[in-house]
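One-letter residues, chain by chain:
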Amino acid sequence: MKRMKTKNANSGYIRIFDTTLRDGEQTPGVSLTIEDKIEIARQLSRLGVDAIEAGFPSSSEGEKKVIKEIVKAGLEPEICGLSRANRKDIDAAIECDVDTVHVFIPTSPVQMKYAVDMTPDEVISAAMDSIEYIKKHGMTCEFSPMDATRSEVPFLKKVCKAAEDAGMDRLNVPDTVGIMIPKTMGTLVEELKNVVKVPISVHCHDDFGMAVANSLAAVEAGATQVHCTINGLGERAGNASLEETVMALHVIYKMKTKVNTRLLYSTSRMVSTLTGIPVQANKAIVGENAFAHESGIHTRGVTVKPLTFEPIDPELVGRTRKLVAGKLAGTRGIKAELEEIGIYPTEEQLKEIVKRIKDLGDKGKMVTDADLIALASAVMGEVIKEEKIVELCDLAVMTGVKVIPTASVRLILDGKEYIAAETGVGPVDAVLKAITKLTHSLEKVRLNEYRLEAITGGSNAVAEVVIKVEDEKGHIVSARAAREDIVMASVEAMINGINKCLLKNRKQVNKN
Ligand code: KIV
Ligand code: ZN
């Protein structure tokens, strides 16, 4: 029998069901490595969500592997796998040993006909058979009549009743294409509450920018669980953003969730970095401008009394109104800032983070919330010195008008020194080519993805480089670095990625 992590629906708080790793990963252009997904799952657990939808087990062997790893991590939240209403999909979820199977089937006329080509009766019997099968295996079952909000209400009610008779534990109401408004969402939830006794959850998409408002309206009408994603990621325009939903529940509705809101900003930064989807500056709660004040009357007001122009205390969501760290910040202060947002470096890592902050301060550069997190994540993600197989000795790059960008690097590989030079379309391309030319003698690791983010803007911004490197067997690892110098950040990220790849493969060989 599986452990039951589902809380009583009426225990006075709203459950947060996070689907960043499933619907969020369906964001166009996002593809996360196993490492990335586990890192995000651990952070979601620290954040305090009630459930993590870890993925869609039947979609691929790789997906199953990640979900199994997340289950093995023994995290606090309920771990859920998505499944279509068929036994093959459910078997894949069972194989992953998830706590909950989230089974879905379309119920709107357009999706029944054109997405799955099933009659309404076939939909009901597939839903019932799947739910009974899940329950027979002792798992929690959350059922979603997909496209519920475009379904004919009498049929939707019939499906929900049948699902309850078959044993579903929770009913999730998806607004699959985001066409609801708060009023209609509230009415629908009220109607469904008269049909089923199980807790009701909602899953709102943001096609008209109303996912959060619709989720809150559903809660007002009696829903006790909300599906959310960090930064509002998800199919098309995304899902209800977790940070906005949770803060509105806490601050406006005075309702409780288990989310530790102080970790919202660091979680948002982590997800943005790993997915490569930037957060717009004016996004509520986690956008760079969310706690910035510019006009004179505002700055004067918040200085005297923050409540004048701040509906939320920035510290409550892991933010500060102004600069958090600079030349004068001490080690203890930086440690406290980091711990406040759930980042715990070792003594060694802390020393390096402080050094980099002071270097920036010495150059007159201000360090913002986002810079601090990027610097800390880069330092903490580095392979430790003693384990490094590849080390940089020195490098030189040349670029300019009518000059072919050229780079030469001197590296230590397994204790021996080597030099290589390469040309490229630009200095970064040239230097990364020179590095891989040398490291190919150890293993043919290639660059799979490269992303550059200037965090605070301006030509002296801290640049964060996030890369993915792939070995010959197709294993992908990600690495990052943050520096003012884009070439240096790229080189550090690349060497870090190659070291991670080599170390992983050598450890595997030693194990066999
Ligand atoms: O948007 C949707 O309908 C979904 C289902 C799988 C629940 O994501
Ligand atoms: Zn969805």
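Further up the page is the structure itself.
The following paragraphs examine the structure supplied in this document. Position numbers for residues start from 1 in each chain and track the written sequence from start to end. Labels are handed out in written order, letters beginning with A for the chains and numbers beginning with 1 for the ligands. For a predicted model such as this one, the threshold for reporting local features is a pLDDT of at least 70, and the threshold for listing and counting side-chain atom pairs is 80 or more; totals across whole chains, interfaces and linings nevertheless cover every residue. Side-chain metrics rest on all non-hydrogen atoms present in the structure, leaving aside hydrogens and water.

Considerations on the pairing of strand E2 (residues 51-55)
The side chains of a regular strand alternate, first on one face of the sheet and then on the other.
Working step 1: Burial analysis of E2 places five of its five residues in the buried class, the great majority of the element.
Working step 2: Note: two strands are recorded as paired if DSSP finds a minimum of 2 bridges between them. By the criteria applied, helices consist of DSSP H or I runs no shorter than four residues and strands consist of E runs no shorter than two, each listed in order from the N terminus. Where strand E1 (residues 15-18) lies against E2, two bridges are found, and the strand directions are parallel. From the neighbouring strand, Asp 18 faces E2, where its bridge partner is Ile 52.
Working step 3: Relative to strand E3 (residues 78-84), E2 runs parallel, the two being bridged by four bridges. Among the inter-strand pairings, Ala 51 is bridged to a residue of E3, identified as Glu 78.
Working step 4: A right-handed crossover is one whose linking path, passing over the helix from the first strand to the second, runs clockwise when the strands point away from the viewer. What joins E2 to E3 is helix H2 (residues 61-72), and the crossover it makes is right-handed. Three labels apply to residues, based on accessible area from a 1.4 Å probe with only protein chains included: buried if under 20% of the type maximum, exposed if over 50%, partly exposed otherwise in between.

Thoughts on the pattern of salt bridges
Working step 1: Here, a salt bridge means any side-chain nitrogen of Lys or Arg that lies within 4 Å of a carboxyl oxygen of Asp or Glu. Counted by the stated rule, this structure contains 36 salt bridges.
Working step 2: Between Glu 53 and Arg 22 there is a salt bridge, and its shortest N-O distance comes to 3.0 Å. Of this pair, Glu 53 sits in strand E2 while Arg 22 sits in the loop between E1 and helix H1 (34-47), placing them 31 residues apart in sequence.
Working step 3: For Glu 53, a relative accessible area of 0% translates into the label buried.
Working step 4: Its relative accessible area of 9% is what places Arg 22 among the buried residues.
Working step 5: Residues Lys 283 and Glu 244 are paired through a salt bridge, measuring 2.7 Å at the closest nitrogen-oxygen approach.

Considering the coordination of the zinc ion (ligand 2)
Working step 1: Water is absent from the atoms considered, so a metal site may look incomplete; donors are defined as N, O and S atoms within 2.8 Å of the metal, or 3.2 Å for Na, K and Ca. Distances from the zinc ion (ligand 2) to its protein donors, Asp 23 (OD), His 203 (NE2) and His 205 (NE2), fall at 2.0 to 2.1 Å.
Working step 2: Between the donor residues of the zinc ion (ligand 2), the gaps in sequence give the motif D-x179-H-x1-H. Assigned by exposure class, His 203 and His 205 land together as buried.

Side note on the pairing of strand E11 (residues 416-423)
Working step 1: Judged from the eight bridges that link them, strand E10 (residues 406-413) and E11 form a sheet pairing that is antiparallel. Paired with Arg 410 across the two strands is Ile 419, which belongs to E11.
Working step 2: The hairpin turn running from E10 into E11, its antiparallel successor, is two residues long, and Asp 414 in that turn takes a positive phi close to 50 degrees.

Function cannot be inferred from these measures alone, as they are strictly geometric.
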